[in-house]
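Understanding the architecture of this molecule
Here is how the chains run, residue by residue.
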Amino acid sequence: MGRVMDKVALVTGGASGIGLSSALLLAKEGAKVVIADFNVDGAKAAAQDIKSRGGEAVGIFLDAGDENSIKEAIKFTVKQFGTINVLYNNVGSTNLKKDLDVVNMDLDEWDRLMNLNLKSVLLGTRFAIPHMIKAGGGSIINTASMAGFFSDSIRSAYGASKAGVVILTKYIATQYGKNKIRCNAVAPGLILTPAAKNNMTPEVLDIFAKFNALPYHGEPEDIGNTVVFLASDESKFITGQTIQVEGGHYIANPSIADFEDYMKK
Ligand SMILES: NC(=O)c1ccc[n+]([C@@H]2O[C@H](COP(=O)([O-])OP(=O)(O)OC[C@H]3O[C@@H](n4cnc5c(N)ncnc54)[C@H](O)[C@@H]3O)[C@@H](O)[C@H]2O)c1
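The structure presented is a predicted model; accordingly, all values stated were derived computationally and were not measured. (Residues numbered from 1 in each chain as written. Predicted model: local features only at pLDDT ≥ 70, side-chain atom pairs only at ≥ 80, totals over all residues. Heavy atoms only, no water.)

What follows covers the environment of Val11. Structurally, the position occupied by Val11 is in strand 1 (residues 8-12). Classification of Val11 as buried rests on a relative accessible area of 0%. Spatially, the C-alpha atom of Val11 lies 6.6 Å from that of Asn89, the residues being 78 residues apart in sequence. Contact partners of Val11, with chain neighbours within four places excluded, come to Gly19, Ala23, Leu26, Val33, Val34, Ile35, Ala36 and Tyr88. (Helix = DSSP H or I, 4+ residues; strand = E, 2+ residues; numbered from the N terminus. Buried < 20%, exposed > 50% of the residue type's maximum accessible area, 1.4 Å probe, protein only. Contact = heavy atoms within 4.5 Å.)

Written out as structure tokens, the structure reads:
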């Protein structure tokens, strides 16, 4: 018996990285999964992979920056599998050339990221909730980020949008808890997804490793396993929370790694 047996799950941004790993793990634990992504070929390939292992999945196109496209993805899920029990709002992005410090950042990029990273969570949730109420409850999971808790010299819009995801998660949990709808988020630290690997040189990865409590980097499965837990009834008394999956990167005095170097001298 799988941990999310026969639950119907929609995963946005499911063709790659964290979304892909989550979709595969949800399917492995018995969920029927709709994989929705801008990269529709990737979404279909992931669904095919699941089906070839005996699972149930469909890949569809989604533009998470477009209200109508989100509405259609929820509609499709309910039509395909009869209901929606799990919504994983995972799409998010930034553009490191435009999402800069508050003086120099491109304001169109600010608007784009608020729309794509934050409003998409509101919209997916808004369209899924009536179906979840009908189904007697559900689990909504959002991808936040450690950038929503700690500031940086750039990525102002990304961080603010992800902080918005953290608080929106609590609002949803508060407003629909009595309908047995839980809403939680996962805040990844650095996770070695294709996107992260493409954006980072080995030197940058070393800087991250130096500040992790654990001696390794995060993998997409580390988030996927958390998503399965939050989707399953194992977490039935957990709501409004953001689970930080970050290798202990942010738990200590930030200067500890430099002090250790100093003490070795
Ligand atoms: N990788 C990390 O280190 C990390 C850290 C913190 C938070 N996150 C968050 O995790 C989530 C997933 O990131 P990832 O690293 O797996 O990225 P990824 O690039 O590997 O995957 C993102 C997927 O989203 C899809 N996508 C992009 N824009 C879309 C749109 N408008 N509509 C529909 N699909 C779209 C892409 O096609 C891709 O398949 C994002 O919200 C990101 O902000 C990632």
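Having seen it, we continue.
Here we take up the layout of surface pockets. There is about 250 Å³ of room inside the second largest pocket. What lines the second largest pocket is a set of 16 residues, and nearest its centre among them are Gly138, Lys180, Ile181, Arg182 and Lys236. Where the lining of the second largest pocket is concerned, the elements lending two or more residues are strand 5 (138-143) and strand 6 (181-188). Residue composition of the lining of the second largest pocket, by class: six nonpolar, five polar and five charged. (1 Å grid on protein atoms, 1.4 Å probe; cavity = no way out; pocket = protein on both sides within 12 Å on 5 of 7 lines; lining within 4 Å. Points joined across faces, edges and corners; volume = space filled by probe spheres on them. Nonpolar A, V, L, I, M, F, W, Y, C, P; charged D, E, K, R; others polar.)

If a probe the size of a water molecule is rolled over the atoms, the empty space left behind becomes visible. Applying the stated criterion across every chain, the model contains one cavity of 30 Å³ or more. Computed from the structure, the largest cavity encloses a volume of approximately 70 Å³. Lining the largest cavity are 13 residues, with Thr12, Leu62, Ile70, Asn89 and Ser120 sitting closest to its centre. Mapped by element, the contributors of at least two residues to the lining of the largest cavity are strand 1, helix 3 (67-81), strand 4 (86-89) and helix 4 (107-135). Broken down by element, the lining of the largest cavity gets its largest block of residues, three residues, from helix 3. A per-class count over the lining of the largest cavity returns eight nonpolar, five polar and no charged.

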